[in-house]
Amino acid sequence: MTIDLQKLGGIAALIEAALYVTGFVLFMTVLDSSGYEGYAQKISFLAANQFASFIAYLLIYVVFGLVLVVLALALHARLKNGSPAIMQTATAFGLIWAGLVIASGMIANVGNSAVVGLFSENQDLAVSLWLAILTVQEALGGGNEIVGGLWVLLLSWAALRGSGLPKVLNYLGVLVGLAGILTVVPAFDVLMDVFGLGQIVWFAWLGIVMLGERPIAT
């Protein structure tokens, strides 16, 4: 039985879009801690919603990163002939992004569990630990999207040069990629939402394209 990497890539892209939607919904509803003030209250909220938080980080970070590996490899196979050097660089960033996102989710889940366990014994120490974990987790995969932005930008550029994907999709990818790159600047943190919402559209459109076409010779 032959595995069609392009079809797997299309499924992966749709999964990524669905995971982004899941993330927005969870952190705007069940895991919305905006009404809690102070670190101690936020940790109390985390303790009360620990299972939901675990599932959220597992899906949105760990599963997202694992699926991203499949998509990055499928896109590399699809676009490498048109722009081999650009796609080599793009795929490297895609795989790095996948690793960072997976690590971020694992650190969040293991770290949050440790914080909740410590909170009943020593609140001050639990707050210090939580802040340290949050800083590392945000630095790896939540605080900026420069690596993901570079991946989307470079592969969209490669697709424009080689006509491997619809042009309008590629232009969208360029804009989304630039938004992700600019999130590294603190003053542009509003672009985090632009990148996330843009990725939902980009991933979904990409998945439909990859599933709707005949297998690509590699």
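Scroll up a little and you will see the structure.
Residues numbered from 1 in each chain as written. Predicted model: local features only at pLDDT ≥ 70, side-chain atom pairs only at ≥ 80, totals over all residues. Heavy atoms only, no water.

Student: I'd love a proper account of the packing of aromatic side chains, names of residues and values included.
Tutor: The final tally for this structure, using the stated rule, is twelve aromatic pairs. With a centroid separation of 5.6 Å and 75° between ring planes, the pair formed by Phe-64 and Trp-97 is classed as edge-to-face. With Phe-64 in helix H3 (residues 50-79) and Trp-97 in helix H4 (residues 84-119), this pair connects stretches of sequence that are 33 residues apart. Of the two residues, Phe-64 and Trp-97, neither departs from the other in class, the shared state being buried. Measuring from ring centre to ring centre gives 6.2 Å for Trp-97 and Phe-195, while their planes differ by 65°; the resulting arrangement is edge-to-face. Taken together, the positions of Trp-97 in helix H4 and Phe-195 in helix H8 (residues 191-212) put the pair 98 residues apart, joining distant regions of the chain. The class of Phe-195 is buried, set by a relative accessible area of 0%. Members of the aromatic cluster, connected to one another through ring pairs, are Tyr-20, Phe-64, Trp-97, Trp-151, Phe-195, Trp-202 and Phe-203. (Phe/Tyr/Trp six-rings, centres within 6.5 Å; stacked < 30°, edge-to-face > 60°. Helix = DSSP H or I, 4+ residues; strand = E, 2+ residues; numbered from the N terminus. Buried < 20%, exposed > 50% of the residue type's maximum accessible area, 1.4 Å probe, protein only.)

Student: Explain the environment of Leu-95 to me, and be specific about the residues and the numbers.
Tutor: Turning to its location among the elements, Leu-95 is positioned in helix H4. Here Leu-95 falls in the partly exposed class, since its relative accessible area comes to 37%. On a C-alpha basis, the gap between Leu-95 and Val-70 in space is 9.4 Å, while along the polypeptide they are 25 residues apart. In this view, Leu-95 contacts Val-69 and Ala-72; residues no more than four positions away in its chain are not counted. (Contact = heavy atoms within 4.5 Å.)

Student: Before we move on, could you go through helix H1 (residues 5-28) and cite the residues and values that matter?
Tutor: Taking 1.5 Å of rise per residue, the 24 residues of H1 would be expected to cover 34 Å, and the 34 Å separating its terminal C-alpha atoms lies within 8% of that figure. Of all the residues in H1, the buried ones are Gln-6, Gly-9, Gly-10, Ala-12, Ala-13, Glu-16, Ala-17, Leu-19, Tyr-20, Gly-23 and Leu-26. The inward-facing, buried residues of H1 abut H3, H4 and H8. (Expected span 1.5 Å × (residues − 1).)

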